[in-house]
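# A structural walkthrough
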Amino acid sequence: MHLDLSELSQLAPIFRELFKGYHVSRRDPELYAQLSNFQDQYRTLFKALGFELVCDTRGFYYFVPDLAAAAVNKTAQRLALFTFILVEHLADQGRDPIAVLDGGSLGRDELPSLLEKYRDLFIQAEVQTVEELEEKIMRRMTQLGFAGEENGVYRFLPPMHRFLDVCLSVQQDRDLAASLHSVLPLPVPVLIDDDSDEKLLQTDDPLDLSDFAEESEEDALARAIAEEQETDA
């Protein structure tokens, strides 16, 4: 493909935003229109530079995480954990998590009670105060294009689907486990060191949001099989 760089008039700002982990969506009309109109050209150029541009059909663009800035890793893990927490919190309140995270909003005044309710989990993310919750999670969500903030209200943007997809996948796994009479706990992302070779969003390590069980997946599976064999006997 012949690339006419004169057509890629927003190349510099687009690359700068994508490289730092930002998700370009319709909230950024000029950059989004440029990517949409010259999607193939941008994808080809970035691939030649060693970056993979993802064009999500739900209306946003981003670089594959492990090719973006290394500093994004731990932040992404925090945001994933926060999404799991928020899904359960909203469900407990009788609110539809999907409706809230898909274009809905969360008030800043809800953060203190959320932090208190899930303090043990937030500690894993090195978040112990409301100020840290706002600085390390909510502020980063707005900086990376997952949400916007105005007058103390956080409104979630289309890129949140990345974390919603993980949540829905985990829920499907849990439903399947339940149908097989399994006692496996709900897996959620586990924070890892930035220099780890593991994937950005880890879901292999189980953690029950209800009682924070420390049982490993292998032990839980072995126990489930043993109990099933005793039943059959």
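Rules of the game
Residues numbered from 1 in each chain as written. Predicted model: local features only at pLDDT ≥ 70, side-chain atom pairs only at ≥ 80, totals over all residues. Heavy atoms only, no water. Buried < 20%, exposed > 50% of the residue type's maximum accessible area, 1.4 Å probe, protein only. Helix = DSSP H or I, 4+ residues; strand = E, 2+ residues; numbered from the N terminus. Pairing = 2+ DSSP bridges. Contact = heavy atoms within 4.5 Å. Core = buried A, V, L, I, M, F, W, Y, C linked by side-chain atoms within 4.5 Å. Arc of directions from axis to C-beta. Axes fitted to C-alpha atoms, helices over the stretch in contact; angles between N-to-C directions. Salt bridge = Lys/Arg side-chain N within 4 Å of Asp/Glu carboxyl O. Phe/Tyr/Trp six-rings, centres within 6.5 Å; stacked < 30°, edge-to-face > 60°. Lys NZ or Arg CZ within 6 Å of the ring centre and 35° of its normal.

An unreviewed UniProt entry annotates the protein chain as Chromosome partitioning protein of Pseudomonas migulae.

To continue, consider the pairing of strand 2 (residues 53-56). Of the two faces of strand 2, the one lined by Leu53 and Cys55 and the one lined by Val54 and Asp56 are each fully buried. The pairing of strand 2 with strand 3 (residues 60-63) spans four bridges and is antiparallel. Residue pairing across strands places Asp56 opposite Phe60, the latter belonging to strand 3. Remark: three residues form the turn of the hairpin made by strand 2 and strand 3, two consecutive strands paired antiparallel; Gly59 in that turn has positive phi of roughly 105°.

Its location among the elements puts Thr75 in helix 4 (residues 72-92). On the basis of relative accessible area, Thr75 is assigned to the buried category, the value being 7%. If we skip the residues at most four places from it in the chain, Thr75 touches Arg140 and Leu144.

Phe82, Leu86, Phe122, Leu133, Ile137, Met141 and Phe156 are the most contacted members of the largest nonpolar core, which has 30 residues in total. Of all the secondary-structure elements, those providing two or more residues to this core are helix 4, helix 5 (97-101), helix 6 (111-117), helix 7 (119-124), helix 8 (130-143), strand 6 (153-156) and helix 9 (161-179). With seven residues, the single largest contributor to this core is helix 4. Every residue in contact with Phe122, bar those within four places of it in the chain, is listed here: Phe82, Ile85, Leu114, Leu115, Val127, Leu133 and Ile137. Core analysis: the second largest hydrophobic core is formed by 17 residues, Tyr22, Leu31, Leu35 and Cys55 among them.

On to helix 3 (residues 39-48). Of the residues making up helix 3, those classed as buried are Gln41, Tyr42, Leu45 and Phe46. Each buried residue of helix 3 lies within a common arc of 120° when the element is viewed along its axis, so the set occupies one face. For helix 3, exposure combined with an orientation more than 90 degrees from the buried face picks out Lys47 and Ala48. Where helix 3 is buried, its residues meet helix 1 (11-19), helix 2 (29-37), strand 2 and strand 3.

Further remarks concern the sheet that holds strand 5 (residues 147-150). Pairing within the open sheet is antiparallel, and its three strands lie in the order 4-6-5. Among the strands making up the open sheet, the edge pair consists of strand 4 (105-107) and strand 5. Within this sheet the neighbouring strands show an average axis-to-axis angle of 20°, counted without direction. Direction of pairing for strand 4 relative to strand 6: antiparallel, over a ladder of three bridges. Within the sheet, the bridge partner assigned to Ser105 lies in strand 6 and is Arg155.

Right, let's get into the pattern of salt bridges. Across all of its chains, the model carries 11 salt bridges by this definition. Between Arg78 and Glu126 there is a salt bridge, with the nearest N and O atoms lying 3.1 Å from each other. With Arg78 in helix 4 and Glu126 in the loop between helix 7 and helix 8, this residue pair connects regions lying 48 residues apart in the sequence. The class of Glu126 is partly exposed, set by a relative accessible area of 37%. Sharing partners across several salt bridges, the network here consists of Arg16, Glu17 and Lys20.

On to unusual backbone geometry, then. At Glu126, a residue that is not glycine, the phi angle is positive and equals roughly 60°. Look at Asn151: it is not a glycine, yet its phi comes out positive at around 55°. Residue position: Asn151 is located in the loop between strand 5 and strand 6.

Bringing the packing of aromatic side chains into the picture now. This model, assessed by the stated rule, comprises 12 aromatic pairs. Look at Phe15 and Phe51: their rings are 5.4 Å apart centre to centre, the planes differ by 85°, and that puts the pair in the edge-to-face class. On the criterion of sequence distance, the pair formed by Phe15 in helix 1 and Phe51 in the loop between helix 3 and strand 2 is long-range, its members being 36 residues apart. Under the relative-accessibility criterion, Phe15 is labelled partly exposed at 27%. For the pair Phe82 and Phe122, a centre-to-centre distance of 6.5 Å together with 45° between the ring planes defines the contact as tilted. Here Phe82 is found in helix 4, whereas its partner Phe122 is found in helix 7, with 40 residues between them in sequence. Neither residue differs from the other here; Phe82 and Phe122 are each classed as buried. Here a set of aromatic residues connected by ring pairs shows up, and it is made of Phe15, Phe19, Tyr42, Phe46, Phe51 and Phe63. The positively charged end of Arg162 is found above the aromatic ring belonging to Tyr62, 4.1 Å away from the centroid.

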